[in-house]
Structure formats: structure tokens, C-alpha cells
Amino acid sequence: MSTATAHSRIEALGLCLPATVQTTPQLAALVPGLGDVDIEKITGITERRVYDPEPDAGEDSFGMALAAARDALRSSRYEAADLDIVISASITRFKDGSRFTFEPSFAAMLAGELGARSAIHFDVSNACAGMMTGVWLLDRMIRSGAVRRGLVVSGEQATRVAQTAAREMTDSYDPQFASLSVGDSAAAVVLDVSVDAADRIHYIELMTCSEYSHLCMGMPSDRTPGISLYTDNKKMHNRDRLKLWPRFHEDFLAKRGRTFAAEEFDHIIQHQVGTRFIDYANQTAEAEFGTPMPDSLSVVERYGNTATTSHFLTLCEHLRAGDARPGATYLLVPAASGVVTGALSATLTNVGV
Amino acid sequence: MGMIITAAATALPDRSAPASVVDLAGRAARGALARAQVPASSIGTLINVGVYREHNTFEPAMAALVQKEVGINLDYIADPEPAAGFSFDLMNGACGVLNAVQVGQALLDTGSTERLLITAADVHPGGDARDDVDYPYADLAGALLLERSADPDAGFGPVRHYTADRPTDVEGYLDTATMGRQGRTAITVRRESDHAERLAEFAARAAADYAREFDIDLDRTLVIGPATTADGVGAQGEPHTAAPVLGYLTATDGVRHDDHDHDHDQFLFVSVGAGPSAACALYRPEGR
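Definitions and limits used
Residues numbered from 1 in each chain as written. Chains lettered and ligands numbered in written order. Predicted model: local features only at pLDDT ≥ 70, side-chain atom pairs only at ≥ 80, totals over all residues. Heavy atoms only, no water. Helix = DSSP H or I, 4+ residues; strand = E, 2+ residues; numbered from the N terminus. Rg over C-alpha atoms; globule rule 2.2 N^0.38 Å. Buried < 20%, exposed > 50% of the residue type's maximum accessible area, 1.4 Å probe, protein only. Contact = heavy atoms within 4.5 Å. Areas by Shrake-Rupley, 256 points an atom, 1.4 Å probe, with all protein chains shown as cover. Lys, Arg positive; Asp, Glu negative; His and termini not counted. Charge placed at Lys NZ, Arg CZ, Asp CG, Glu CD. Pairing = 2+ DSSP bridges. Right-handed = clockwise from strand over helix to strand, strands pointing away. Axes fitted to C-alpha atoms, helices over the stretch in contact; angles between N-to-C directions. Parallel < 35°, antiparallel > 145°, perpendicular 65-115°, else oblique. Left-handed = near helix turned anticlockwise from the far one by under 90°. Nonpolar A, V, L, I, M, F, W, Y, C, P; charged D, E, K, R; others polar. Salt bridge = Lys/Arg side-chain N within 4 Å of Asp/Glu carboxyl O. Disulfide = S-S within 2.5 Å.

## Points about the overall build of chain B
And then number 1: For chain B, the count of helices and strands is 5 helices and 11 strands.
And then number 2: Compactness check: chain B gives a C-alpha radius of gyration of 18 Å against a globular reference of 19 Å for 288 residues, within 12% of the reference.
And then number 3: For chain B, the spread of C-alpha atoms along the three principal axes comes to 55 × 55 × 35 Å.
And then number 4: Evaluated residue by residue, chain B yields a buried proportion of 61% over its 288 residues.
And then number 5: Excluding contacts between residues fewer than 6 apart, the proportion of contacts in chain B whose partners are at least 24 apart in sequence is 76%.
And then number 6: Surface accessibility of chain B: about 10,800 Å² in total, with carbon and sulfur atoms responsible for 46%.
And then number 7: One finds the centroid of the 22 positive side-chain charges in chain B at a distance of 3 Å from the centroid of its 42 negative side-chain charges.

In C-alpha cells, the structure reads:
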């Protein structure tokens, strides 16, 4: 086994958020089939950002990803030409307005636009765990010595599924209900070699419990022109699914002679599905680990479920707020269709934001 | 440490039902596992590198659906032993397999997995590539099972990527502005009229650069290039992301049966496609 590099670290973060805010009452007004169902009460989401459909606004998935990547590089010690690898993780792969792109890879086109001409490039697709999967791969490639530094980026025009849901939904039990919780955004993260425990990804471990891979499917609608997301919320987020992460994480720690409490995380960032989901996930984990959860960071109230970008959007907003303690330790927990879950543990001190 | 191909397999649709990535990749994967005589539960990581898929599905990863089809570590709570499985899609057009080989080397190097399964499956979203004259690819899947070799000289060498300094010749997309209600069955693959010549030239240049960088003796090297047809396995159309798997199986079969090839003790994988992107990797079988 190679031991060329023991650890990676988060070096810089970047974001792109559309300026347009859509409140939940404004969204509800577009969903006549839903009657007086209180979307805000169910999801805890007050508002979300929505892309500008004008092509010149550059707010398709690709344009937002490019803006987030440039934002991250502005805060990074590296320039695009320094990157050894660019990984793109968008689920909604819209470019040139309305083209849902399959090839070339977004990563190839982003690397070209950024000027990362010699970078390895590929896309990963792993539902809402896409950026986390990209970070997992980049961490392994840095640790193996294959690359020294790289960029993971994602841009999501997620509200396109909300538009379809608004047209087609007839009640709150509709499998498209979850589509009303999404928001548009892009995020980017630069990783490089960690030489200081004060800036370090201690571990990132992911798993897919594919028994439940059919519970959330995204594809074009066959009823109206648009893309759709069909989710069995009840089964997807039931208590057994929520136990997957604590059991997996606890076993991982136990193999190293450690416990969750001994990790002394300062903050936890759950996938930003909705406020009730985050509370329920933390309550389930408290029962499973037998210890209180750390301070739970959340931006879902303002931005909705931003899919792949959720954790890094939340982290970047937290760091930009300026009240983060240097040397604080963060736990990021994905929860994605597949079903994918896991844990990323990192200490952050000097992250460019 | 070398990373070797333990087994490889391909799968074609039987046409009794619409072609499906989940079905084809699942069958190719099971074929590779059967040849290697290893259980599905021993697969730590599954990477699917296919680009085109049934219904233009974009969530979840097709790899998760393939993982379920193959029966790899389905539910960690119900069955946490021997270990959790992890799967995801990696997409980079025709270069996907070599990208997966490269990340696979990092996963084996860091002890993140003991066995890696790569599936490369493409189907027309409508279920039959033969029904769309403008779609160039075959409904076809390939699978590679990769693991460590005790032989330090065996397995894949470094993977190198090459980018041409010009716009892409090839694009594949769903135009949601014009798809109407046909989004689950429509797909556009647009290629410049002379793309084949330019990509072939690019592939040849990449292979030459790779051979020069690593001082490869081409006289003892069989090049597994970007095949233009999959006729040899009974598929109509180009093999697309499965081309390296198909090429590897054809090459190993040829080396076994053709006395003229007895001097070829290593392979050079060469992929080229949309981007334009090319990738090369040397492969040395065990015991050569």
C-alpha cells in the first residue's frame, strides 16, 4: 500500500447563488393541484434561489458551476493551471440553455473554460452525494500520490423538477412532492495535501445500500415537457434508512478503537433535505450513538434542498459568516438516492472562502 | 503493486424487452464474477462509466441500480458483513473505462477497496439503438473485474490523458426545449462529418506520445484502440464506452489463438472521444 501522502485537506470553497429569490408562498401559488397544503410547514423551507432563464444570465448548470469554480479559485492559493484534476458532479447537466448534456463531460468543458488544460477530468454522478463522491475520489487520489491538488464542482438547475411538479401534482402524496423542496445553486471545493492537522480531512467513508436504489428516480416526464423526480419519501427517509449512517459510522470508528463521542465534533452538516428531516436524522443518530449530536448547521430554510451542493454550500456560508472557530471539527453526512450515506470528518482552520 | 484484470465479459440485449443498462451491465458484471469465481459480496466498489441509459435517467446513479441487479452488499443493516459496498457513475465519454482504471489504482493503493468492478454499458434511451438511424452506438455492456497482483510488474501502468486544442467533434444531449413528452426516448448525438478521421489522428498522436514518454517497445505491444464497430459480438453500432472491454477480450482471444501474436506480451489501451479527450494506459498481463 502506498503511503506517499497521508491526508488531504479542504483548501478553498466557492459558491454561485442566483439572485432571484422565490418564497414558498410564491411557489405554492404555482401549484394549484396542491390546494391549501402548507409546503413551508412540511419542509421548513422559507425560500429558495431560482435560476434566471435568460441565456445571458449564465445560470444554467454549467454557467453556475463555472462561476462557483472561479469563486473558489479566487480564494485559493492555486490558479486553474495548477490543478491536476477537475471533477464535476452535477445531477442536472444543463448547458447552452436547455440541453441536458451527456457528453463531452462537464468536467472536460469546465477544465477548458477555466484554463486547466492539463488537468485530468471526469464527471461523477451519484445523486445528492455527487460532490461528496468527488471529494472521496480526490481524497484517495491525493493520498495515493496520483495528484497533488484538484477541484470538485457542481452546478444544479434543480428547480426545473419543481416546475414539472407544479404542473403535474394533484395532492401532497404525489411522488413529485419532494421536487417542491429544491433550490438552485453551485458550489466548488479545492483539495490539496494536508501538512497540518489543523487543516485535514481525517476520513471520508461512503457506502451505497442499493436495496433502496429505486426509491428516488429522476428522468424526463412523459406527461408534460420537463424533467421530473419521483420520490417515495416515506420509505426513503424512514427510521431504518436513517440508521444506516450511524451504524456504518459507528462500525468504522469501532474498528479503530474509537467512539462517536470521542471524536468531539464541533458541528454536523446533514444533507439539507428539510428542517424536519435534519432534526429527525440527528434524533435518530443520538439514539443510535447514545450521545448528543454536535451543533447542527443548516441553510435549508433559505436555500432549500440544493442537491449535490448542499454540504459545501452550508459549510461555505458558515465560514463566510466569520464566527467559525479556527480548528473546529466538522462532520458532513450525506443522504442520497442510491441509497448513499457515510461520513466526512475534517478540521478546518485556514480555508479560503 | 500492479492492478490486473481478473476477468472481463460483455452482454448484449436479447430483444425480448427494451435494452436496459441495468440489465446489460448486470449481466456483464455477473459474467465477469462467474469467470473469476468470486462472490458479488466481495466487490468493494462498483463504477459504471456508461453514458447513454434507459429513459435518460439522471438519478440515482445507474451504478446503484446495477449494484442492486448484481446483488452487491444491498443493505448494510441487514447484512454488514463482509463490508459495505459503494457505487457511483463516472462519465467521460469514450475515455470512461481508463478514467475508472486510474481512480481504481488510487482506491487499491489506499486500501479503499480490495476488488473493483467497472461496468461500461450504453443503451439508446428508447430501448433499441436500431430504431434511431442517427444514433451511432450499440446497445452493449462490458465489465472488468480488477484487483491487486502479487506480481509487481503485472497490471496497468500509468494512465495518461490528452486534450486536443480545438472544439469537440462529438456531442450527446437531450434537447429539453424540443423533446415535448418524448424526453424518455429521445437523444441527439451530433458528430462533425469528418470527426472519425480527426479522432483517429488524435488517438494515434496520443498513443505515440505515451509510447515515447514510457519508452514502450511497440513491437511487443498490441494496441487496443477505439474500435469503430462491435460486429464481432453481434451488436450493431459502435461499442462506445465498452470498447476497451471488447478490445481486451478480442485481444486476449487473439493472442491465445494466433501464433503470429506470440511476441505481443503487453497491451496499450487507447481511448478517444468527445472533448476531444484521449487516454492511454499500458497493460501487462500476469506471467508474461
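From this point, things continue past the structure.
## Some remarks on the sheet that holds strand β7 (residues 170–175) of chain B
And then number 1: Overall, antiparallel pairing links the 4 strands, which are arranged β5(A)-β6(A)-β7(B)-β8(B) in an open sheet. Strands with a single pairing partner mark the edges of an open sheet, and in this sheet they are β5 (94–95) of chain A together with β8 (188–191) of chain B.
And then number 2: Bridge count for strand β6 (residues 99–103) of chain A against β7(B) is 4 bridges, and the pairing is antiparallel. The partner of F100(A) across the bridge, within β7(B), is L174(B).

## Section: the environment of L206(A)
And then number 1: Locating L206(A) in the fold gives a position in strand β10 (residues 200–208).
And then number 2: As a C-alpha pair, L206(A) and A336(A) span 130 residues in sequence and 11 Å in three-dimensional space.
And then number 3: Apart from residues no more than four positions distant in its own chain, L206(A) is found in contact with M132(A), T133(A), W136(A), F248(A), P334(A), T341(A), G342(A) and F86(B).

## Quick word on the pairing of strand β2 (residues 45–48) of chain B
Residues and elements named next belong to chain B.
And then number 1: Going residue by residue along β2, you find T45 and I47 tucked away on one face and L46 and N48 tucked away on the opposite face as well.
And then number 2: The pairing of β2 with strand β3 (residues 86–91) spans 4 bridges and is parallel. Bridging from a neighbouring strand, T45 pairs with F86 of β3.
And then number 3: Traced from β2 through helix α2 (residues 62–70) to β3, the parallel crossover comes out right-handed.
And then number 4: Two elements, β2 and strand β4 (residues 115–122), share 4 bridges in a ladder whose sense is parallel. Considered in β4, the bridge of T45 is made with L116.

## Observations regarding helix α6 (residues 159–168) of chain A
Residues and elements named next belong to chain A.
And then number 1: Counting buried positions over the 10 residues of α6 gives 8, a clear majority of the element.
And then number 2: Among all positions in α6, only T159, R160, V161, A162, T164, A165, A166 and E168 are buried.
And then number 3: Check the buried side of α6 and you find it contacts β3 (47–49), β5 and β12 (227–231).

## Some words on the packing of helix α5 (residues 130–143) of chain A against helix α3 (residues 96–109) of chain B
And then number 1: Interaxial distance between α5(A) and α3(B) falls to 8 Å at its minimum, and their mutual angle equals 65 degrees. When the axis of α5(A) is compared with that of α3(B), the two are roughly perpendicular. Relative to α3(B), α5(A) is oriented so that their crossing is left-handed. Side by side, α5(A) and α3(B) meet where W136(A), L137(A), R140(A) and M141(A) of the first sit next to Q102(B), V103(B), A106(B) and L107(B) of the second.
And then number 2: The class makeup of the residues in the contact of α5(A) with α3(B) is 6 nonpolar, 1 polar and 1 charged.

## Let's talk about the packing of helix α9 (residues 244–255) of chain A against helix α11 (residues 275–289) of chain A
Residue and element names in this part refer to chain A.
And then number 1: Relative orientation of the contacting elements α9 and α11 amounts to 40 degrees, with a least axis distance of 9 Å. The angle between α9 and α11 falls in the class oblique. Handedness of the crossing formed by α9 with α11: right-handed. Judged by residue contacts, W245, P246, R247, H249 and E250 of α9 engage A281, A285, E288 and F289 from α11.
And then number 2: Of the residues assigned to the contact of α9 with α11, the class counts are 5 nonpolar, 1 polar and 3 charged.

## With respect to the pattern of salt bridges
All names here are of chain B.
And then number 1: Here the structure, examined in full by the defined rule, presents 35 salt bridges over all chains.
And then number 2: Its salt-bridge partner being D89, residue R53 comes within 3.7 Å of it at the nearest N-O pair. Taken together, the residues R53 in the loop between β2 and α2 and D89 in strand β3 connect sequence positions 36 residues apart. There is no split in this pair, since R53 and D89 are both buried.
And then number 3: In this structure, the salt-bridge partner of D169 is R198, at a minimum N-O distance of 2.9 Å.

## Looking at the state of the cysteines
And then number 1: Scanning all chains against the criterion turns up 0 disulfides over all chains.
And then number 2: No disulfide involves C316(A); its nearest neighbouring cysteine sulfur is the one of C16(A), lying 12 Å away.
And then number 3: The exposure class of C316(A) is buried, given its relative accessible area of 0%.
And then number 4: The structure places no disulfide on C280(B), whose sulfur is separated from the nearest cysteine sulfur, that of C95(B), by 8.7 Å.

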